[in-house]
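Chain residues, written in single-letter form:
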Amino acid sequence: MSTASVTHDVDVIQQGPFDMFRHSWVLAKRSLVKTWRTPEGLIDVTLSPIMFTLLFTFIFGGAIAGSTADYLVFLIPGLIGQNIAFASVGIGIQLNSDMSKGIFDRFRALPISRVAPLLGAALGDVVRYVLLIGIMVGTGYALGYRVTTDPLSFLGGCLLAILFALCLAWAPMLVGLIARSERAVQGIVFMTLFPLTFASNAFVPTETMPSWLAAFANANPLSHLIEALRMLWSGGDWHAPVGWTLLWCAVFVIIFAPLAIRAYNRKA
Amino acid sequence: MTSDNAVEAEGLVKNFKETKALKGIDLAVPRGSVLGVLGPNGAGKTTAVRILATLLRADGGHAKVAGYDVAKKPSEVRKRIGLTGQYASVDEELTGRENLHMIAALLNMSGRSSKARAKELLEWFDLTDAADRTLKTYSGGMRRRLDLAASLTGHPEVVFLDEPTTGLDPAKREDMWDVVRDIVKRGTSVLLTTQYLEEADALADDIVVINHGEVIAHDTADKLKRVVGSQTLRVRPSDASQVDTVNAILAEVATDGAPVDEYRPGEYSVPVVDDSALATVVGKLAAQQVAVTELSLQLPSLDEVFFTLTGERQRPTADDATAGQEQEVSA
């Protein structure tokens, strides 16, 4: 006898302007549960950074900085920049798999903001980046690295790195939404990231590069983030690099977020 | 809402680059009824469903679902529909219960009512025992059921089922049919696409046949069967020496004295007008003490339906069979 209706015997929370954020949070929780269930998916933000730290410290330390201890001061921020960039491929792969498995069709047929599934995926990734920074700094400490400024500057650096990661993530998200397979996502993102991470100040000072490469490396958004982290954690004037980093964050979001949202809306 | 139709589409057109996926189709699902959209792969069934479920925009025509225009008020439509696609669009890494909680939360249901609704749906779909396992451990049939449960979370007025039983074995298919009947009993309107005439016949009040993006017939299952041709009664006698007796019995029930056909070696068939022929034949076989290993009443296959319908396209017998063509001209 009862004709089904949306509100029938269901107690629905008032619709409001915060729906988008609430729905994003629901979807971020979905990512977190999945991360918790498949911890091996965290290798790129746990074991890989440890491996990179050990390899780079002992292979290049002596040659580049004269000693491993001196190199660590330079290297840890550089590695954080590099690994944040590498870890961003994960979100592209996740979105691609969500799309191919049809779960996005379910979300798109629900009365939720079209931004929520993307924002949710990005928010769910914060945990990965926190873990990455923690492990990286922890490994550094074990090898003799020390933050020589104050806790507030350290925290500021962490927040800046996470913000950068979240803004950069829109690019691999876009790739994830247009590429036709997970393998393609991985190929495209890494192909872009390798030059971006190595043609930067992450591992060597840019002064030793040929001038054209140094020009690229100095303008590289990752270089600004890495420079900002070095200043914030080891002392120095951090205002300019932090400013440049924030500017790049804005640029990433302004360019890639609308494209990603459009790709998500279009994808059949 | 003034309309008595839960779904109403007029002249839907959709082109994908060179391909004309929909050439102007009309569909109507009266409130509380089931419309079966029957057609082969690539006929445009899924495209039509995706437009009605607001996942795709039509290039022409318009459609209303639950009283709202799909192009102008998509979010009002989304509040009132459930969609179950050909593949289960549920999260494999979450448990059944988590999937339902997530959907409920996205529908703005409070924690309390989302828990209650998930519990209710899991019981209804016989998934209570598997509720707290991740979907990776579910069988194909269980995933389909959970997918359907997810679509019903928000008590939708209209449910779209896009080939809900494709790939399921016959027993699971029947289970799914029971569920669909149950949904309709609770007042939900259903648009169901299928490649099986049998399925449309079992569930739908009305059937629309589409081919190459056009509606080629629209009728009730019974009338459609009459248009397409009769059903076929098949008998395989256990004892080959009784063939003549069997043939004599079959000849008596055959439509318009049609000849008995040896469908496969040892298996004989005749076209019959309706179901009552089955009972007649069973009675006569028993009276004459003929044992049979197989006895079945078959609906015409989809191929036969299409052969008949497309062969008669120039002078259609079904009332609305020209609808698609008229639309194409006017588009």
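Values in this document were obtained by computation on a predicted structure and should not be read as measured data. (Residues numbered from 1 in each chain as written. Chains lettered and ligands numbered in written order. Predicted model: local features only at pLDDT ≥ 70, side-chain atom pairs only at ≥ 80, totals over all residues.)

Secondary structure summary: chain A contains 13 helices and 0 strands in total. When burial is assessed residue by residue, chain A has 44% of its 268 residues classed as buried. Sequence-distant contacts, at least 24 apart, represent 78% of the contacts inside chain A between residues at least 6 apart. (Helix = DSSP H or I, 4+ residues; strand = E, 2+ residues; numbered from the N terminus. Buried ≥ 20, exposed ≤ 12 C-beta atoms within 10 Å, placed from the backbone. Contact = placed C-beta atoms within 7 Å.)

Turning next to the packing of helix H2 (residues 47–65) of chain A against helix H3 (residues 68–87) of chain A. Residue and element names in this part refer to chain A. The interhelical angle for the contact between H2 and H3, taken along N-to-C directions, is 140°, at an axis separation of 9 Å. As far as their axial angle goes, H3 and H2 are oblique. The element H2 and its partner H3 pack so that their crossing is right-handed. On H3, the residues touching Ser48, Pro49, Phe52, Thr53, Phe56, Thr57, Phe58, Phe60, Gly61, Gly62, Ile64 and Ala65 of H2 are Thr68, Asp70, Tyr71, Leu72, Phe74, Leu75, Leu79 and Asn83. Per-class residue counts for the contact of H2 with H3 are 12 nonpolar, 7 polar and 1 charged. (Axes fitted to C-alpha atoms, helices over the stretch in contact; angles between N-to-C directions. Parallel < 35°, antiparallel > 145°, perpendicular 65-115°, else oblique. Left-handed = near helix turned anticlockwise from the far one by under 90°. Nonpolar A, V, L, I, M, F, W, Y, C, P; charged D, E, K, R; others polar.)

Residue and element names in this part refer to chain B. The antiparallel open sheet is built from 4 strands, whose spatial order is S2-S1-S4-S5. Unpaired on one side and paired on the other, strand S2 (19–30) and strand S5 (68–69) mark the two borders of the sheet. Pairing of strand S1 (residues 5–16) with S2 involves 9 bridges; the strand directions are antiparallel. Bridge pairing links Leu12 to Ile25 in S2. Contacts from helix H1 (residues 45–52) reach S1, S2 and strand S4 (60–65), with the element oriented near 120° to S1. (Pairing = 2+ DSSP bridges.)

In this section: the interface of chain A and chain B. Every contact between the two is made by 28 residues of chain A and, on the other side, 36 residues of chain B. Of the residues forming the side of chain A that touches chain B, the biggest block, 6 residues, is contributed by helix H1 (residues 19–37) of chain A. Split into classes, the residues belonging to the side of chain A that touches chain B amount to 13 nonpolar, 8 polar and 7 charged.

This paragraph deals with the environment of Arg234 of chain B. Residues and elements named next belong to chain B. Within the fold, Arg234 resides in strand S11 (residues 231–237). Separated by 103 residues in the primary sequence, Arg234 and Ala131 place their C-alpha atoms 44 Å from one another. Setting aside chain neighbours within four positions, we find Arg234 in contact with Tyr263, Glu267, Ser269, Glu294, Ser296 and Gln298.

Examined bridge by bridge, S1 of chain B and S4 of chain B share 5 bridges and lie antiparallel to one another. Along S4 of chain B, the bridge assignment pairs Glu10 of chain B with His62 of chain B.

Moving on, we come to the nonpolar core. One finds Val7, Leu52, Val65 and Leu191 of chain B to be the most contacted residues of the largest nonpolar core, which totals 153 residues. Counting residues per element, this core draws most heavily on H3 of chain A, at 11 residues. Excluding residues within four positions of it along the chain, Val7 of chain B makes contact with Leu27, Ala28, Val29, Leu52, Val65, Val158, Ser189 and Leu191 of chain B. (Core = buried A, V, L, I, M, F, W, Y, C linked by C-beta atoms within 7 Å.)

This part covers the sheet that holds strand S13 (residues 267–272) of chain B. Residue and element names in this part refer to chain B. Taken together, 4 strands build an open sheet; the order of strands is S12-S13-S11-S14 and the sheet is antiparallel. Bordering the open sheet on either side are strand S12 (261–264) and strand S14 (292–298), each of which pairs with just one other strand. Between one strand and the next, the sheet's axes are offset by a mean angle of 30°, whatever the strand orientation. The pairing of S11 with S13 spans 5 bridges and is antiparallel. Paired with Val235 across the bridge in S13 is Tyr268. Strands in contact with helix H10 (residues 276–287) are S11, S13 and S14; relative to S11, the strand with the most contacts, it is inclined by about 20°.

Accessible area lost upon the coming together of the parts serves often as the stated size of an interface. Considered domain by domain, chain B is made up of domain 1 (5–226) and domain 2 (230–299). Computed over C-alpha atoms only, the centres of domain 1 of chain B and domain 2 of chain B are separated by 38 Å. (Domains from an automatic or database assignment.)

Attention now goes to the environment of Lys23 of chain B. Residue and element names in this part refer to chain B. Among the structural elements, Lys23 can be located in strand S2. Owing to 22 C-beta atoms within 10 Å, Lys23 belongs among the buried residues under this scheme. Between the alpha carbons of Lys23 and Gly60 there is a distance of 9.0 Å; along the sequence they are 37 residues apart.

Right, let's talk about unusual backbone geometry for a bit. Residue and element names in this part refer to chain B. Within the chain, Thr54 stands out as a residue other than glycine whose phi angle is a positive 65°. Within the secondary structure, Thr54 sits in the loop between H1 and S4. Of note, His155 is a non-glycine position whose phi angle comes to about 50°, a positive value. Note that His155 resides in the loop between helix H5 (140–152) and strand S7 (158–162).

All names here are of chain B. Turning to helix H9 (residues 243–253), its buried residues are Val246, Ile249 and Leu250. Summarising the axial view, the buried residues of H9 lie within an arc of 95°, below the 170-degree limit, and thus occupy one face. Turned more than 90 degrees away from the buried face of H9, the exposed residues are Asp244 and Ala248. Where the residues of H9 are buried, they touch S11, S13 and H10. (Arc of directions from axis to C-beta.)

Another aspect to go through is the packing of helix H3 (residues 96–106) of chain B against H5 of chain B. Residues and elements named next belong to chain B. Close contact between H3 and H5 brings their axes to 9 Å; oriented N to C, the two are set at 20°. By the angle between their axes, H3 is roughly parallel relative to H5. Of the two possible hands of crossing, H3 and H5 adopt the one that is right-handed. Residues Gly96, Asn99, Leu100 and Ile103 of H3 touch H5, and the partners they reach there are Leu146, Ala149 and Ala150. Considering only residue class, the contact of H3 with H5 consists of 5 nonpolar, 2 polar and no charged.

Moving on, we get to the confidence of the model for chain A. Predicted confidence across chain A gives a mean pLDDT of 89, with 93% of residues reaching 70 or more. In the predicted structure, residues 1–10 of chain A sits below a pLDDT of 50 and forms 21 contacts with residues beyond four places in sequence or in another chain. (pLDDT = per-residue confidence, 0-100.)

So, on to helix H6 (residues 170–185) of chain B. Residues and elements named next belong to chain B. Compared with an ideal rise of 1.5 Å per residue, which puts 16 residues at 22 Å, H6 spans 23 Å between its outermost C-alpha atoms and is within 8% of the ideal. The set of residues buried in H6 consists of Met176, Val179, Val180 and Ile183. Taken down its axis, H6 places every buried residue within 100° of arc, on the same side. Exposed residues pointing more than 90 degrees away from the buried face of H6 are listed as Pro170, Ala171, Asp178, Asp182 and Lys185. Elements that come into contact with the buried residues of H6 comprise H5, S7, strand S8 (189–194) and helix H7 (197–203). Directly after H6, the chain includes Gly187, whose backbone phi takes a positive value near 100°. (Expected span 1.5 Å × (residues − 1).)

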